[in-house]
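What the coordinates show
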Amino acid sequence: MTSTEPEGLLEVLIIYERPSAHRVVCHARSVSLERGVFLRDAVLPVVSPPEAVIHPARVVRMHRQPLGEFTELPPVWSAVVELEGPDLSWVQLDAKLRAVPPTAAADTDRPDGRR
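It should be emphasised that the depicted structure is a prediction, and the values quoted were computed from it without experimental measurement. (Residues numbered from 1 in each chain as written. Predicted model: local features only at pLDDT ≥ 70, side-chain atom pairs only at ≥ 80, totals over all residues. Heavy atoms only, no water.)

1. Quick word on the overall build of the chain
For the chain, the count of helices and strands is one helix and nine strands. For the chain, the N- to C-terminal ordering of α and β elements is β-β-β-β-β-β-β-β-β-α. Across the 115 residues in the chain, those meeting the buried criterion constitute 44%. Taking as baseline every contact in the chain between residues at least 6 positions apart, the subset at least 24 positions apart corresponds to 66%. By element, 56% of the accessible surface of the chain is carried by carbon and sulfur atoms, the whole surface being about 6,100 Å². (Helix = DSSP H or I, 4+ residues; strand = E, 2+ residues; numbered from the N terminus. Buried < 20%, exposed > 50% of the residue type's maximum accessible area, 1.4 Å probe, protein only. Contact = heavy atoms within 4.5 Å. Areas by Shrake-Rupley, 256 points an atom, 1.4 Å probe, with all protein chains shown as cover.)

And the structure:
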């Protein structure tokens, strides 16, 4: 990423379901103290093989009972996070994911979104 904005970080704690190859419902914790995770953020793995071409996912829903739905997952909070994207096979248990504003995700140095 060429953006200097802080990145949000998510840690995947539980995979609830994979209704399709393009959608994952998981429980994740925001582990960055610099920035929360927002609805519509682009999400990519922190670590991926150098030859991998990974397309970003998008945060489409965040919710937690009894609070309901919300647009920001603040640092250290956890919630059910729903992601959508072309191929989400890379979203795995214990994965660390970085979340950036959608406009920053479009400004990448490499096709897999890594720096």
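2. Let's talk about the packing of aromatic side chains
Note on aromatic pairs: each is described by the distance of the centres and the angle between the planes. Overall, the coordinates contain one aromatic pair when judged by the stated rule. With centroids separated by 6.2 Å and ring planes inclined at 85°, the aromatic side chains of phenylalanine 70 and tryptophan 77 adopt a geometry described as edge-to-face. With a relative accessible area of 35%, tryptophan 77 lands in the partly exposed category. Looking at arginine 64, its charged tip hangs above the ring of tryptophan 77, at a distance of 5.8 Å from the centre. (Phe/Tyr/Trp six-rings, centres within 6.5 Å; stacked < 30°, edge-to-face > 60°. Lys NZ or Arg CZ within 6 Å of the ring centre and 35° of its normal.)

3. Let's talk about the pattern of salt bridges
Close approach of charged atoms allows side chains with opposite charge to pair. For the structure shown, the criterion picks out eight salt bridges. In this structure, the salt-bridge partner of arginine 35 is aspartate 41, at a minimum N-O distance of 2.9 Å. Accessibility expressed as a relative area gives 11% for arginine 35, which makes it buried. Residue aspartate 41 is classed as buried on the basis of its relative accessible area of 2%. (Salt bridge = Lys/Arg side-chain N within 4 Å of Asp/Glu carboxyl O.)

4. Thoughts on the nonpolar core
In this structure, Val43, Leu73, Val81, Leu83, Trp90 and Leu97 are the most contacted members of the largest nonpolar core, which totals 24 residues. If you list the elements that add at least two residues to this core, you get β1 (8–20), β2 (23–30), β4 (42–45), β5 (57–64), β8 (78–84) and β9 (96–100). Each residue touching leucine 97, except ones within four places of it in the same chain, is listed here: Gly8, Leu9, Leu10, Val12, Val43, Leu44, Pro45, Val46, Leu83 and Trp90. (Core = buried A, V, L, I, M, F, W, Y, C linked by side-chain atoms within 4.5 Å.)

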